[in-house]
Amino acid sequence: MTKSEIALEESGLRKPELTEVIKALQSEARSDSSTHSPAVIYGLSDLSKLELDRLVPVWAGLPATYKHRILKQLVETSETVFELDFGAFAHMNLTDKSSLVRSAAIELLWSDESVATMRKLMDLARSDRSDDVRAQAFSGLGRFILLGEYGDIPPNDAREAQELALISVKDHHASIEIRCRALEAIANSSHPEAAALIQEAYDDGNHLLKVSAIYAMGRTCDKRWRDTVLEELESGDNQIVYESVQACGALQLEESIRLIGDLVAGDDREIQLMAIWALGEIGGRGAFEILCHLEETLEDREILGAVEDAVDAASFSLSMSALDFEFDQI
């Protein structure tokens, strides 16, 4: 049995037969349903080559908007039920006629760390006819560039992905979206040109490039960006503030705790959730106290769940700090 079949069995479920999956797909597509049956969600996991061959002509005849919704739902499911494997289905959709479907298929491959997948993403990033798909492919390549930094993929392969991202960042004929995602991808590396490209994008004057540059600052884990992201926390521009909060969390800037703590009480829900995450990442006594206060006073379940996760993260960092202190005293 596969991991997904074991997981389904433990949950009292079973993997549907492909005929059942096809019937459910066609029925949902006809009714334009926005909800998807377990037969569709679980049935598209762990598809064999024979099953894929049978599914291809049926899938090709379904509306692109419906296929896009299915893939987005599978992305959400894969982020919570890790045992399910939609890899074969995602790869099948990388060549779909619809750019929406191809982009969502790239997202669905978020946990795939194979060099073969990296090369498919590189091909899409170079030459897909849709700028949106090319940009999404660069988003996917970012994790492979990071894997290269950790030595988890061969250096030559990682270097090829880096060079492709560098070329696209510098290509002023490419769309801003492509350049932004390529910049964010190269920020995962220690490439000597990365810092200068981030600074250039930040100073460019284009708002989208600036937003991506701030995100990239956090990805570098380089404290050289400290003053910039702290200043942008008070910019008043929600997109800039959101990315600055994220960068402060990624860089673990304790100096940002007070400002980020103030943002938790703001009206922008996305900034609020990011601020909670950042406090957990930064840790320390000040962040822990803010999070514990929130845990006691909030009623919103989504926000409270985020706070609980952040408290756990901050508690861990406090524990590690205490251990370091004890070792220092020995």
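For every chain, the first residue of its written sequence is number 1, and the numbers climb from 1 along that sequence. Totals for whole chains, interfaces and linings use every residue, but because this is a predicted model, local features are given only for residues with pLDDT of at least 70 and side-chain atom pairs only at 80 or more, for both listing and counting. Think of the side-chain values as coming from all heavy atoms in the structure, minus any hydrogens and water.

1. A few points about the confidence of the model for the chain
For step 1, the next point in the chain: Values of pLDDT, ranging from 0 to 100, describe the predictor's confidence in every residue of the model. Looking at the chain, pLDDT values average 92 and 92% of them are 70 or higher.
For step 2, the next point in the chain: It only takes one pair of heavy atoms within 4.5 Å for two residues to be counted as in contact. Predicted confidence is poor over residues 322-330, with pLDDT under 50, and the contacts of this stretch with residues over four places away or in other chains come to 0 contacts.

2. Points about the environment of R179
For step 1, the next point in the chain: Labels follow the DSSP assignment, with helices taken as runs of H or I lasting at least four residues and strands as runs of E lasting at least two, numbered in each case from the N terminus. By the secondary structure assignment, R179 is in helix 11 (residues 176-186).
For step 2, the next point in the chain: Relative accessibility thresholds used throughout: buried, under 20% of the residue-type maximum; exposed, over 50%; partly exposed, between the two (1.4 Å probe, protein chains only). Since its relative accessible area comes to 8%, R179 is described here as buried.
For step 3, the next point in the chain: Spatially, the C-alpha atom of R179 lies 9.2 Å from that of S212, the residues being 33 residues apart in sequence.
For step 4, the next point in the chain: In this view, R179 contacts S168, V169, D171, H172, A174 and L209; residues no more than four positions away in its chain are not counted.
For step 5, the next point in the chain: Whenever a nitrogen or oxygen atom comes within 3.5 Å of another N or O atom, the pair is scored as a polar contact, on the condition that within protein one atom can donate a hydrogen and the other can accept it, and that pairs from neighbouring residues in sequence are kept only if both atoms are in side chains. Among the polar contacts made by the side chain of R179, one reaches the main-chain carbonyl oxygen of V169 at a distance of 2.8 Å.

3. Re the packing of aromatic side chains
For step 1, the next point in the chain: For Phe, Tyr and Trp, where Trp contributes only its six-membered ring, two rings pair if their centres lie within 6.5 Å, and the inter-plane angle classes them as stacked under 30 degrees, edge-to-face over 60, or tilted in between. Evaluation of the coordinates by the stated rule reveals 1 aromatic pair.
For step 2, the next point in the chain: Ring geometry for W59 against F89: centres 4.9 Å apart, planes inclined by 75 degrees, an arrangement best described as edge-to-face. Residue W59 is found in helix 4 (residues 49-60), and its partner F89 is found in helix 6 (residues 87-92); the two are separated by 30 residues along the sequence.
For step 3, the next point in the chain: Its relative accessible area of 2% is what places W59 among the buried residues.
For step 4, the next point in the chain: Among the residues examined, F89 registers a relative accessible area of 1% and is labelled buried.

4. Regarding the packing of helix 9 (residues 131-150) against helix 11
For step 1, the next point in the chain: The axes used here are C-alpha line fits, helices contributing only the stretch in contact, and every angle between their N-to-C directions lies in the interval 0 to 180 degrees. Where helix 9 meets helix 11, the closest approach of the two axes is 8 Å, and the angle between their N-to-C directions is 5 degrees. The orientation of helix 9 relative to helix 11 falls into the category roughly parallel. Counted together, D131, R134, A135, F138, S139, G142 and I145 of helix 9 and E177, I178, R181, A182, A185 and I186 of helix 11 form the full contact between these two elements.
For step 2, the next point in the chain: Among the residues forming the contact of helix 9 with helix 11, the class breakdown is 7 nonpolar, 2 polar and 4 charged. Working rule for angles: under 35 degrees goes down as roughly parallel, over 145 as roughly antiparallel, 65 to 115 as roughly perpendicular, anything else as oblique. Side-chain classes are defined by residue name, with Ala, Val, Leu, Ile, Met, Phe, Trp, Tyr, Cys and Pro counting as nonpolar, Asp, Glu, Lys and Arg as charged, and the others, Gly among them, as polar.

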